[in-house]
Amino acid sequence: MIVRVLIGAVASALALLLWGLLFWVVLSAPGQGELAAPDEAALMQVLMQQLPDSGTYAFPTPPTGKGARDPATVDAFRRRNLAGPIGMIHFRRDGTNPLSPGNYGIDFLYLLVASFLAAVLLAVALPALEGYSRRVAFVFGLGLFAVAAVRFSDPVWWHLPWGHFLHAAVYDTVAW
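This section reports on the structure supplied with the text. Being a predicted model, the structure only gives us computed values, none of them experimental.

**Considerations on the nonpolar core**
Argument step 1. If you look at the biggest cluster of nonpolar residues, it comprises eight residues: Ala13, Leu16, Leu17, Trp19, Phe23, Leu111, Tyr171 and Ala175.
Argument step 2. Every element with two or more residues in this core is listed here: helix 1 (2-27) and helix 7 (162-175).
Argument step 3. Counting residues per element, this core draws most heavily on helix 1, at five residues.

Shown next, in the form of structure tokens:
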């Protein structure tokens with residue numbers, strides 16, 4: 001059984017890698033789901049000046065520590081949210097090659113882990129899944145669950161625009 005799970009996970013990871021290349025490189029327009037900054041160079045200069053480290057920045061910044069329990073601090077945070085703007089910036093100070101072979105290697109490894117987990121879950125559920133179509137439906141259901149559980153929390157809780165997340169959700173749903 002373990003050999004079948006491993007072979008299935010490798011085959012699945014390869015198929016997912018190829019689907020990703022097809023979807024993100026061939027079928028999707030670059031930046032689909034994201035907006036372009038009107039003056040990207042000026043924005044990049046401000047980000048480099050204002051953000052000291054690589055990381056994810058949320059604004060307004062939620063209160064932490066003792067401030068998270070202080071009613072006045074929480075109320076001030078709520079008022080800043082109501083006034084806007086609100087957002088999240090994923091920031092990396094140094095550049096990177098978006099087409100690096102290393103990126104594809106890491107992508108394959110993460111897809112292999114995900115495929116292995118799906119294969120293990122499928123193996124556990126196998127006695128209840130008579131026929132190939134039920135097994136396909138089961139894995140498709142895992143994909144739908146993952147999309148709903150993971151992709152949609154940022155637009156709901158951080159109020160980020162839905163476009164990027166819906167575009168990525170289409171990719172994930174078809175992939176699984």
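**Quick look at the layout of surface pockets**
Argument step 1. For the second largest pocket, the calculated volume is near 620 Å³.
Argument step 2. Together, 22 residues line the second largest pocket, and Gly8, Ala119, Leu122, Arg135 and Val139 are the ones closest to its centre.
Argument step 3. Elements supplying a minimum of two residues to the lining of the second largest pocket: helix 1, helix 4 (101-125) and helix 5 (132-151).
Argument step 4. Broken down by element, the lining of the second largest pocket gets its largest block of residues, eight residues, from helix 1.
Argument step 5. Per-class residue counts for the lining of the second largest pocket are 17 nonpolar, three polar and two charged.

**What to know about the packing of aromatic side chains**
Argument step 1. If you walk through the whole model with that rule in mind, you get six aromatic pairs.
Argument step 2. With centroids separated by 6.2 Å and ring planes inclined at 0°, the aromatic side chains of Trp19 and Tyr171 adopt a geometry described as stacked. Separated by 152 residues along the polypeptide, Trp19 in helix 1 and Tyr171 in helix 7 bring together distant segments of the chain. Summarising the burial analysis for this pair, Trp19 and Tyr171 share the class buried.
Argument step 3. Ring-pair connections join several aromatic residues into one group, and the members of that group are Trp19, Phe23, Trp24 and Tyr171.

Cut-offs and rules
- Residues numbered from 1 in each chain as written.
- Predicted model: local features only at pLDDT ≥ 70, side-chain atom pairs only at ≥ 80, totals over all residues.
- Heavy atoms only, no water.
- Core = buried A, V, L, I, M, F, W, Y, C linked by side-chain atoms within 4.5 Å.
- Buried < 20%, exposed > 50% of the residue type's maximum accessible area, 1.4 Å probe, protein only.
- Helix = DSSP H or I, 4+ residues; strand = E, 2+ residues; numbered from the N terminus.
- 1 Å grid on protein atoms, 1.4 Å probe; cavity = no way out; pocket = protein on both sides within 12 Å on 5 of 7 lines; lining within 4 Å.
- Points joined across faces, edges and corners; volume = space filled by probe spheres on them.
- Nonpolar A, V, L, I, M, F, W, Y, C, P; charged D, E, K, R; others polar.
- Phe/Tyr/Trp six-rings, centres within 6.5 Å; stacked < 30°, edge-to-face > 60°.

Nothing here speaks to function; it is geometry throughout.
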